[in-house]
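# Examination of the molecular architecture
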Amino acid sequence: TQLLEQSPQFLSIQEGENLTVYCNSSSVFSSLQWYRQEPGEGPVLLVTVVTGGEVKKLKRLTFQFGDARKDSSLHITAAQTGDTGLYLCAGARSRGSNYKLTFGKGTLLTVNP
Amino acid sequence: NAGVMQNPRHLVRRRGQEARLRCSPMKGHSHVYWYRQLPEEGLKFMVYLQKENIIDESGMPKERFSAEFPKEGPSILRIQQVVRGDSAAYFCASSPLQPSTGADTQYFGPGTRLTVL
């Protein structure tokens, strides 16, 4: 059973388009993090969200944490080819063990020129 | 400011051999985590260590796997008598804070890709 479900699994779009990817669970998380992973490299942290309903913006990327802290979304505006990569969400289940991140399988985004 | 370093980046072993994976955390970080990424799977937590202490090894297989983080030197993940199913990417992460409250930021290394022939 995958605790964090990411959708879509694959996404191929043209440069300039907008997109949203999702991270859903039936469990509550004390915090949720989004990473981007390039082939052959480790995940690079994009953002951490901790409060239900929280919205964070990072240039063209907008992250939202669901009110119930069970889901999150990542919206990219005017995608660029440099946005290509594997986007991973990872959650910490409880404050007592918030180091133990649970990862989704990721959304593989391809932005075509 | 150097990030998390892992070596080797690629490691090939034959069944039954030992694999030793090294991780040097970011400067000033004393908390190290190991994750494994199997093909077509998400990253799975294996173990959390502080200097000279294993804090949580609930994600480690009970046999053949061990981890240490000595007072001096890198953290080591050791896999004895490797089998083909051990083939995966192994990632190390480090953090500066005691992860007891709030969100903890983990910074990942580039990983070691282990192939067992």
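Preceding this paragraph is the structure being described.
Chains are numbered independently. Their residues run from 1 in the order of the written sequence. As a convention, the first chain written is A and the first ligand written is 1, with the rest following in written order. Reporting of local features is limited, given that this is a predicted model, to residues whose pLDDT is at least 70; pairs of side-chain atoms are given and counted only at 80 or more, and all residues count toward the totals for whole chains, interfaces and linings. Here the side-chain values reflect all heavy atoms present in the structure, with hydrogen atoms and water set aside.

With that out of the way, let us pick up the overall build of chain B. The helix count covers DSSP runs of H or I at least four residues long, the strand count covers runs of E at least two residues long, and both are numbered beginning at the N terminus. When helices and strands are tallied, chain B shows 0 helices and 11 strands. Tracing chain B from N to C terminus, the helices and strands come up as β-β-β-β-β-β-β-β-β-β-β. Burial here depends on accessible area, computed with a 1.4 Å probe over protein chains only, as a share of the maximum for the residue type. Under 20% is buried, over 50% is exposed, and the range in between is partly exposed. Per-residue burial over chain B gives 46% buried out of 117 residues. Excluding contacts between residues fewer than 6 apart, the proportion of contacts in chain B whose partners are at least 24 apart in sequence is 55%. When the accessible surface of chain B is split by element, carbon and sulfur atoms take 48% of a total near 5900 Å². His is not counted here, nor are the chain ends, while Lys and Arg score as positive and Asp and Glu score as negative. All charge positions are set by atom: Lys at NZ, Arg at CZ, Asp at CG, Glu at CD. Computed over 16 positive and 11 negative side-chain charges, the separation of the two mean positions in chain B equals 8 Å. Here, residues are in contact when the closest pair of their heavy atoms is within 4.5 Å. Note on areas: Shrake-Rupley, 1.4 Å probe, and residue coverage restricted to the protein chains presented here.

Turning next to the state of the cysteines. All names here are of chain B. Cysteine sulfur atoms are paired as a disulfide whenever they fall within 2.5 Å. Enumeration over the complete set of coordinates arrives at 2 disulfides over all chains. For Cys 23, the disulfide goes to Cys 92, at an S-S distance of 1.7 Å. Residues Cys 23 and Cys 92 share a disulfide whose torsion about the S-S bond is about -50°; that sign makes it left-handed. A residue pair is termed long-range when its members are at least 10 positions apart, and Cys 23 in strand S3 (residues 19–24) and Cys 92 in strand S9 (residues 88–95) qualify at 69 residues. Like Cys 23, the residue Cys 92 is buried in the burial classification.

Stacked, tilted and edge-to-face are the three classes assigned to paired rings of Phe, Tyr and Trp, where Trp is represented by its six-membered ring and a pair needs centres within 6.5 Å; plane angles under 30 degrees give stacked, over 60 edge-to-face, the rest tilted. Counted according to the given criterion, the structure contains 10 aromatic pairs over all chains. Taken together, a centroid distance of 5.6 Å and an interplanar angle of 40° make the contact between Tyr 35 of chain A and Phe 103 of chain A tilted. Separated by 68 residues along the polypeptide, Tyr 35 of chain A in strand S4 (residues 31–37) and Phe 103 of chain A in strand S10 (residues 101–103) bring together distant segments of the chain. Of the residues examined, Tyr 35 of chain A reaches a relative accessible area of 0% and is grouped as buried. In this structure Phe 103 of chain A comes out as buried when scored by relative accessible area, which is 2%. Centre to centre, the rings of Tyr 99 of chain A and Tyr 48 of chain B are 4.5 Å apart; their planes meet at 35°, and the pair counts as tilted. With Tyr 99 of chain A in the loop between strand S9 (85–92) and S10 and Tyr 48 of chain B in strand S5 (residues 43–50), the pair connects residues from two separate chains.

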